[in-house]
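A closer look at the structure
The residues making up each chain are set out below.
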Amino acid sequence: MGLFTVVSDVPALSLAAYTAEDCVGGVLAFAGAASAYANEGVIKRLTIIDADKEDAVLRLYLFDADPSATADTDAATFLPAAADLAKLIGFKAIAAADYKDSTSDSVAVFEMDMPFVLAAGGTTLYGVLVCTGTPTYTAADDLTVKRVISRR
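Residues numbered from 1 in each chain as written. Predicted model: local features only at pLDDT ≥ 70, side-chain atom pairs only at ≥ 80, totals over all residues. Heavy atoms only, no water.

Read across the sheet, four strands follow the order β2-β8-β4-β5 without closing on themselves; strand pairing throughout is antiparallel. In this open sheet, the two edge strands, each paired with only one partner strand, are β2 (23-30) and β5 (88-94). Taking the axes of each pair of neighbouring strands and ignoring which way they run, one obtains an average angle of 20 degrees across the sheet. Summarising the sheet, strand β4 (residues 58-63) and strand β8 (residues 125-131) pair through six bridges and their orientation is antiparallel. Along β8, the bridge assignment pairs Leu58 with Cys131. (Pairing = 2+ DSSP bridges. Helix = DSSP H or I, 4+ residues; strand = E, 2+ residues; numbered from the N terminus. Axes fitted to C-alpha atoms, helices over the stretch in contact; angles between N-to-C directions.)

With that settled, consider the packing of aromatic side chains. One pass over the structure, following the stated rule, counts three aromatic pairs. Between the aromatic rings of Tyr61 and Phe91, the centroid separation amounts to 5.5 Å while the plane-to-plane angle is 35 degrees, which identifies the pairing as tilted. In this pair, Tyr61 sits in strand β4 while Phe91 sits in strand β5, placing the two residues 30 residues apart along the sequence. The class of Phe91 is partly exposed, set by a relative accessible area of 46%. A network of ring pairs unites the aromatic residues Tyr61, Phe78 and Phe91 as a single cluster. (Phe/Tyr/Trp six-rings, centres within 6.5 Å; stacked < 30°, edge-to-face > 60°. Buried < 20%, exposed > 50% of the residue type's maximum accessible area, 1.4 Å probe, protein only.)

Take a look at the structure:
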């Protein structure tokens, strides 16, 4: 078994309504997802914390290298180039029913077993959140995307 590490990112959100297929918050960078000695790992858990309780239906696309600007601009339509799709590790769909609400926020937690190999020498895993509805967040830091990763 490898070492576990937690990596998170808080995307800077637009405070206007998103439209279906928009990038939510731009590119996510999970620095330190892999060690400098081995550019691989396994995503074991994904946690989405929603401080605004939007419970938005989202897809999280994961990449082994930074996707191009057409794939990571906040509130722009998700239009990955063919070169970006070649970097795709996988994606996770997040349904509204996956969130559990508390009095102050909501959270969705997924147990996963998604192996990844980053681009040569890479230690950062990249992601892009895409909405399928029209959420409107009230603060630029309403979402936190957190992963537990097993590294070698």
